[in-house]
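Per-entry structural report
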Amino acid sequence: MTIPILPRTAIDPASELYLVAYAELKRLAQRLRRQAHVAETLDTTALVHEAYLKIRGHEQATGKDPGYLHALAARAMRQILVDRARRRMADKRGGGLAHITLEGIAVAVDKQAFDLVDVDHALQALDALAPRLAELVELHVFAGLSMPEVAAFLEITERTAFRDWRKARAFLVQKLDPESTS
Amino acid sequence: MISIDPESFRRIGELFDALVDLPADERSAKLHALCADAALRAEVEAMLHADARGHAIEKKAREQIEELLDADGESMVATGTLFGVWRVDREIGRGGMGVVFRVDRNEGGFTQRGALKLIKLGMDSEAVVARFVREREVLARLDHVGISRLLDGGMNSDGRPFLVMEYIDGCSLEEHIAGHPTLRERLELFGQICAAVAYAHRHLVIHRDIKPSNIRVTSDGVCKLLDFGIAKLLDDSMASAATMTQARPFTPDYAAPEQLSGGQIGTPVDVYSLGALLHEILTGTRHHRSDPSTKSSSDASSQDETREQTRRDAIPALSARSLRGDLDTIVLRATHTDAERRYASVDALAEDIRRHMLGQAIVARRDRTLYRLSRFVVRNRYMVAALVLVVVVSITAALVSLGQMRKARAQATRAEIAKQFLAGVFEQASPDENNGQPFTARQLLERGEKQRQQLSDMPAEHIEIGSLLARLYWDIGDYDRAQSLAEAAVEEAQASAVPEDIHADALIALARVENELRRFPDAIRHAELAAKLIASADTQRSLEARRQLVSILLRSENYLRAEPMLRALLVDQRKLSGDNSREVASDLVMLATLYYNNGQELQAVEMASDAIGILHELHRAAPSDLLDAQTRLGLSQLHLYRFVEAEAALRDAVKLATGIYGADNIQTWTTQSNVIRVLELEGRLDQAIAERSALLDVQRKALGESNPAQLAIHTKFLAADYRDTSRFAEAEVLFRESLRLTRLADGSDDGADSADTLLHLGYTLQLQGRYAEAENVMKSSYAIMNANSATGSNWLNDTRGRLGTLYRLRGRTAESIMELRAATHALDPGVDGTGGGSPAIRANLLASLSLSELAAGQIDNALASATQSVSLAEKAFPPGNFRSAASLYALARSELAGGQASAAEPLLRRALAARMPPQSANDPRVLEIEVSLVAALRANQKIGEAEALRAVILPLLRKDSNPVMKQLLREMDSGSHRDG
């Protein structure tokens, strides 16, 4: 038995702490973007950590363990990224390529293999089956934490973390790209 | 995937863990031993299979995250957003200080274009705003050919200041330099920049932020400086906004030391930046300031340091030699850390450049004898050169031929190996080896890969064949294989010292696959690298690399960047291969595509026609080139409503595609669909239906359910044709079938494709009088679109407007007007009717709005809306097209309500002629016109004709007892539309 199905401390997306994390991450991402000539590549790890530092000082954070706060920041990061992916998709759709309008001229459909919105959907499906695995993916992919860090936060061994990650990844791949029989 | 519960997933996970580390061939047996449940086993096997692709997908997800982080989430400004009188067209750039949009304003019938800079800083204090306004006036007075003028400025609704500058159509200075201008051209360019800065200085304006990205070069080679004085404006404003001190409105690499240290700012600041810029223009690399610690000691040693730095940095674009000497000295003098010791003015700097170009002694080092002598040589270079020539020629000739020989031998060897390689692949590929079946392309390629392994100790050949195989896999559509081969080839080329052209070939092959997979940043990076590697080498190859880069930019819709590059490419290609080559033709087709996508159809037609002309001249033109050109030509003509020409070109394309791909191929079907599109837009719907049905049958047979997305689209097209020919029942069946296929393709009902089909279906139901159903369907369509589209989206507002029409039909007039006004407003800047959303959709919205206003008794409003609708329809549709009928009908109804029956009658006759055909006599869209025509005829005292028409349509109206017909009956019998 390698997947402990433990009741997770629920992350409430309406809680003040979550909203603070969300706003902070958004602000940080935008600020870093403005200074893009300074920091060539942005990575989510740094952002999530900064957001964590910010919410750690919040009054509602007292008594919460760092693992929970990181998970909260990771969830907010995921939401920001998925929001952006969705909006960008909408902008592309605004160009109206994928359909015939009643008056327009049709253009062929051009689809990307998958995007972050799909990943989000797949992750929701995983959450329903194995919340612990979904949390692991959130920390590793969206918050960019390394495997040892993830293991530390989830209080599992690194080996277990690696195994769970491989399992979760296989599940997601299968969801995202079901043509696996080729 | 079957539906599983957490418990069985846990079990699947355990099995996965137990098996995943085993060798692949042992897994199956072990799995059977561990688990007796076949369904569970299948799940585990699927997951194990997925595991193999885990890395690739993980990588893709990370790339997307990086890309999204890079995209600024904050400033998404929709097309059509208004800033004062300026309407946003699209975003064209972003930088530290804000986002830049291309904007338009309409005044007195002509359109002015501008570049709007939305500043990202908080500037809320009134004093700041007042100063902003004052400074703006000073800047607006700068009027020089080399300065992009400040046109306007203000605050948007949330208090963010914006500036509108003259829009410069051209390329950036960096791009211009990337085209390798000669030294003379570079210096002339720099002279232009100096002249503009000097002019501004005479008007007491300092730029403060001169750098390459603030300079654009037009296609005529005119340099334009952007953002003059903006830095000062911002600096002043920020001094007031104390919180913002950490960000400075200039770019450190080009900023004078006194700018960094907060010293006195004057014209020397611009002289410094110009010096740094000169360095970059000459060498292509950034100017490095000397170490800040030595900044105070502006003595010879620190200068020498800088000089050495300058030399080291010179890149091959211009050799270090041309920098050494005068130009080096000029740069050093201009960028002296001590402002006092720089050139006293920009004019003085420009004068030294001019002297250098004339071969005269520059002021910066007037007193050195040796230097003078060297200038003598330059001035008399032809004489001196003649003396030296004899010696040099004999030496270099020997060197060149030696080098070439070595290269030629290497190439010959490679060619021989490639030949043997291919022979090896084909020799073994006789049908006897394959159970008598001929080999497929894929089998041959797989053999090629095996064969290639023998080359592993010859890196150059190994890489070359790898790139070739990647390209061939790309040709047969196996992008995964193509990608991994190309990636491996690139890695290998990086690791081993192979000739640059081989390295570049591998990069191009990789960029091609990445382009196909829409991984544009990677594709661009690799193509750029390839172009750079062979920029100075084999010219046709280097043009190929640039061509690949342009095609990536086109595909990623980066037209702004693509256009100047493509034009430069075309020029160079013509130089190399003459006007009539396959490459020139292919560049012209790309240019046509660019124009077509930019809505410049006339230019697109011209380019495509030129390309076709060239291809016909050529002896062995590739039919696929001709296919591209014909398709582009045909679609451009179609957009211009030149139906005859469009149909001819597109039918040629069908022939070509059939010849290349055969009849049963998606490419061929697409060309056929294009021809049918002509018929549809022309209103020849019966023929369109016949051809579409045939095409759909062919595709259904060939594809089965293997490509539901393709079938869904073609089914939807056919359904729309049925609806527009009044065959509602057939239309409904097909729309529902299209929805089913889309669900099959998307796995859900809430995607963009479903939304569009739902809208079509809703409209069909409405025409049948099934209002409640129609409302349900349209509302779900609207909900999906609302979640996915920008507020200014044509598509979203079209849907909203159609919902508004439905409300009118259901008697909810106020609600109807509200929706229609909102939709119209979203697509209309409201200045003089140009710009905004698609004219076709706006014409429709205004026609519907007019009818709703009429229903509310607002006759004047209705008349205004309808008039505007008709004028838009004239722009959007060819004369007499059935789509223009809605506008004509709305105007006629308004006239009738206003008591102008004599004006209404001819409008109604035109509307009727436009609608029937294609629509039939019992279509409500035809009957509604006739009902109004009866009223108009009565009012015009043509009682006999009115009664005759009434007698014809009465039975048609009574035949169907649906709400549409009932409503029309009521209208006719009331004899007036006034209170309809």
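Residues numbered from 1 in each chain as written. Chains lettered and ligands numbered in written order. Predicted model: local features only at pLDDT ≥ 70, side-chain atom pairs only at ≥ 80, totals over all residues. Heavy atoms only, no water.

Within chain A, the regular secondary structure consists of seven helices and zero strands. Along the chain direction, N to C, the helices and strands of chain A fall in the order α-α-α-α-α-α-α. In chain A, which comprises 182 residues, the proportion classed as buried is 49%. If you take every contact in chain A between residues at least 6 apart in sequence, the share linking residues at least 24 apart comes to 68%. Of the roughly 8400 Å² that chain A leaves accessible, carbon and sulfur atoms contribute 53%. (Helix = DSSP H or I, 4+ residues; strand = E, 2+ residues; numbered from the N terminus. Buried < 20%, exposed > 50% of the residue type's maximum accessible area, 1.4 Å probe, protein only. Contact = heavy atoms within 4.5 Å. Areas by Shrake-Rupley, 256 points an atom, 1.4 Å probe, with all protein chains shown as cover.)

Before going further, it helps to spend a moment on the sheet that holds strand 8 (residues 215–218) of chain B. Residues and elements named next belong to chain B. Read across the open sheet, the three strands follow the order 7-8-9; overall the sheet is antiparallel. A single partner strand is all that each edge strand has here, and the edge strands are strand 7 (170–172) and strand 9 (223–225). Taken over all neighbouring pairs, the strand axes of this sheet differ in orientation by 35° on average, direction set aside. Sheet strands in contact with helix 7 (residues 183–202) are strand 8 and strand 9, and its direction is about 35° off that of strand 9. (Pairing = 2+ DSSP bridges. Axes fitted to C-alpha atoms, helices over the stretch in contact; angles between N-to-C directions.)

With that settled, consider the environment of A:Ala73. Residues and elements named next belong to chain A. Topologically, Ala73 is positioned in helix 3 (residues 66–94). On a C-alpha basis, the gap between Ala73 and Ala21 in space is 5.8 Å, while along the polypeptide they are 52 residues apart. In contact with Ala73, other than residues within four places in its own chain, are Leu25, Val48 and Ala51.

Residue and element names in this part refer to chain B. Over its 16 residues, helix 34 (residues 794–809) runs 23 Å from end to end, which matches the ideal 22 Å to within 8%, given 1.5 Å per residue. Counting buried positions over the 16 residues of helix 34 gives 12, a clear majority of the element. Among the residues making up helix 34, those that are buried are Trp795, Leu796, Asn797, Asp798, Thr799, Gly801, Arg802, Leu803, Gly804, Thr805, Leu806 and Tyr807. Where helix 34 terminates, the next one or two residues include Gly811, which has phi positive at roughly 85°. (Expected span 1.5 Å × (residues − 1).)

Judged by nonpolar contacts, the single largest core of 71 residues is most densely connected at A:Leu72, A:Leu116, A:Leu126, A:Val137, A:Phe142 and B:Phe9. With 12 residues, helix 3 of chain A is the largest single contributor of residues to this core. Core analysis: the second largest hydrophobic core is formed by 52 residues, B:Leu570, B:Leu635, B:Ala646 and B:Ala653 among them. (Core = buried A, V, L, I, M, F, W, Y, C linked by side-chain atoms within 4.5 Å.)

Residue and element names in this part refer to chain B. Residues Ile215 and Val217 of strand 8 are buried on one face, and the alternating residues Arg216 and Thr218, pointing to the opposite face, are buried as well. In this sheet, strand 8 lies alongside strand 7 in antiparallel orientation, the contact comprising three bridges. Paired with Cys171 across the strands is Val217, a residue of strand 8. In this sheet, strand 9 lies alongside strand 8 in antiparallel orientation, the contact comprising three bridges.

Below, the discussion takes up unusual backbone geometry. For residues that are not glycine, phi is negative in most cases, and the peptide bond is trans in most cases. Of the consecutive residues B:Met916 and B:Pro917, the connecting peptide bond is found in the cis state with omega at -15°. The peptide bond linking B:Pro917 to B:Pro918 adopts the cis configuration, its omega dihedral lying at 10°. Take B:Pro918: it is sitting in the loop between helix 39 (901–915) and helix 40 (924–939). For A:Glu155, which is not glycine, the phi dihedral falls at a positive 55°.

The next point concerns the packing of aromatic side chains. Evaluated as defined, the whole model comprises one aromatic pair over all chains. Seen from their ring centres, A:Phe171 and B:Phe9 are 5.3 Å apart, and the 80° between their planes marks the pair as edge-to-face. Here A:Phe171 is found in helix 7 (residues 158–176), whereas its partner B:Phe9 is found in helix 1 (residues 6–20) on a different chain. Summarising the burial analysis for this pair, A:Phe171 and B:Phe9 share the class buried. Note that B:Arg333 overlies the ring of B:Tyr343, its terminal NZ or CZ placed 4.7 Å from the centroid. Cation over ring: B:Arg692 sits above B:Phe717, and NZ or CZ is 4.3 Å from the ring centre. (Phe/Tyr/Trp six-rings, centres within 6.5 Å; stacked < 30°, edge-to-face > 60°. Lys NZ or Arg CZ within 6 Å of the ring centre and 35° of its normal.)

Once that is clear, we can look at the packing of helix 19 (residues 479–495) of chain B against helix 20 (residues 500–516) of chain B. All names here are of chain B. Put simply, helix 19 and helix 20 touch, their axes get as near as 8 Å, and they point 150° apart. Comparing their axes, helix 20 and helix 19 come out roughly antiparallel. For the pair helix 19 and helix 20, the crossing hand works out as left-handed. On the side of helix 19, the interface is formed by Tyr479, Ala482, Gln483, Ala486, Glu487, Ala489, Val490, Ala493 and Gln494, while helix 20 contributes His503, Ala506, Leu507, Ala509, Leu510, Val513 and Glu516. Here the residues of the contact of helix 19 with helix 20 are counted per class, giving 11 nonpolar, three polar and two charged. (Parallel < 35°, antiparallel > 145°, perpendicular 65-115°, else oblique. Left-handed = near helix turned anticlockwise from the far one by under 90°. Nonpolar A, V, L, I, M, F, W, Y, C, P; charged D, E, K, R; others polar.)

Moving on to the packing of helix 28 (residues 666–682) of chain B against helix 29 (residues 685–703) of chain B. Residues and elements named next belong to chain B. Packing of helix 28 against helix 29 leaves a shortest axis separation of 9 Å and a crossing angle of 160°. For the element pair helix 28 / helix 29, the angle class is roughly antiparallel. The crossing of helix 28 and helix 29 is left-handed. Seen from helix 28, the contacting residues are Trp669, Gln672, Ser673, Ile676, Arg677, Leu679 and Glu680; seen from helix 29, they are Leu685, Gln687, Ala688, Glu691, Arg692, Leu695, Val698, Gln699, Ala702 and Leu703.

Keep in mind these values describe shape, not function.
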